[in-house]
Amino acid sequence: MELNVGRSILIIAVCVLCTLLERALPFLVFRGREVPGAVRYLGGVLPMAVMATLVVYCLRDTAFTSLAGFAPQAIAVAVVVGLHLWRRSALLSIVGGTAVYMVLVQMVF
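Below you will find a few notes about this structure. (Residues numbered from 1 in each chain as written. Predicted model: local features only at pLDDT ≥ 70, side-chain atom pairs only at ≥ 80, totals over all residues. Heavy atoms only, no water.)

### Some words on the packing of aromatic side chains
Two descriptors summarise a pair of aromatic rings, namely the distance from one centre to the other and the angle between the planes of the rings. Formally: Any two of the Phe, Tyr and Trp rings considered here, Trp counted by its six-membered ring, make a pair once their centres fall within 6.5 Å; the pair's planes then place it as stacked at under 30 degrees, edge-to-face at over 60, or tilted in between. In this scheme, the term charge over a ring applies when either NZ of a lysine or CZ of an arginine sits within 6 Å of the ring centre and within 35 degrees of the ring normal.
Tallied over the entire structure, the rule returns 1 aromatic pair. Here the aromatic rings of Phe64 and Phe70 are separated by 5.4 Å at their centres, their planes lie at 35 degrees, and the arrangement is tilted. Directly above the aromatic system of Tyr57 lies the positively charged group of Arg60, at a separation of 4.1 Å from the ring centroid. Over the aromatic face of Trp86 sits the side chain of Arg87, whose NZ or CZ is 5.0 Å from the ring centroid.

### Observations regarding the pattern of salt bridges
Oppositely charged side chains can form a pair if their charged atoms are brought close together. Rule in force here: Every case where a carboxyl oxygen of Asp or Glu lies within 4 Å of a side-chain nitrogen of Lys or Arg is listed as a salt bridge. Exposure categories follow from relative accessible area, calculated using a 1.4 Å probe and restricted to protein chains: below 20% of the type maximum is buried, above 50% is exposed, and the middle band is partly exposed.
This model, assessed by the stated rule, comprises 2 salt bridges. Glu34 serves as the salt-bridge partner of Arg40, at 3.4 Å between the closest nitrogen and oxygen. A relative accessible area of 48% means that Arg40 is categorised as partly exposed. Relative accessible area serves as the criterion here: at 67%, Glu34 is assigned to the exposed category. Residue Asp61 pairs with Arg60 through a salt bridge whose shortest N-O separation is 3.7 Å. Judged by relative accessible area, which is 49%, Arg60 ranks as partly exposed.

So, in structure tokens, the structure goes:
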């Protein structure tokens, strides 16, 4: 299958539509009704579960055989935790940790 401009636009349009539906569907389903307890529970628990899963996924291939194998990840994790404790901003924590990791990997280690 060859990718051309028309297919690219169609792929982007489908992604936009799916994202919008995913965001709007809970509001449409629960309009005028109380949100069930199970859904409220999942709304409180799933964000942390997703973050924990992402941490495990990102650190799963960390090699402890050399300093360059684990130091950038360890420092970036410390920066993320520090920024989050300091400012309580997920965006700042993610961007700051990513920037520190990339600088360490590209210029230091």
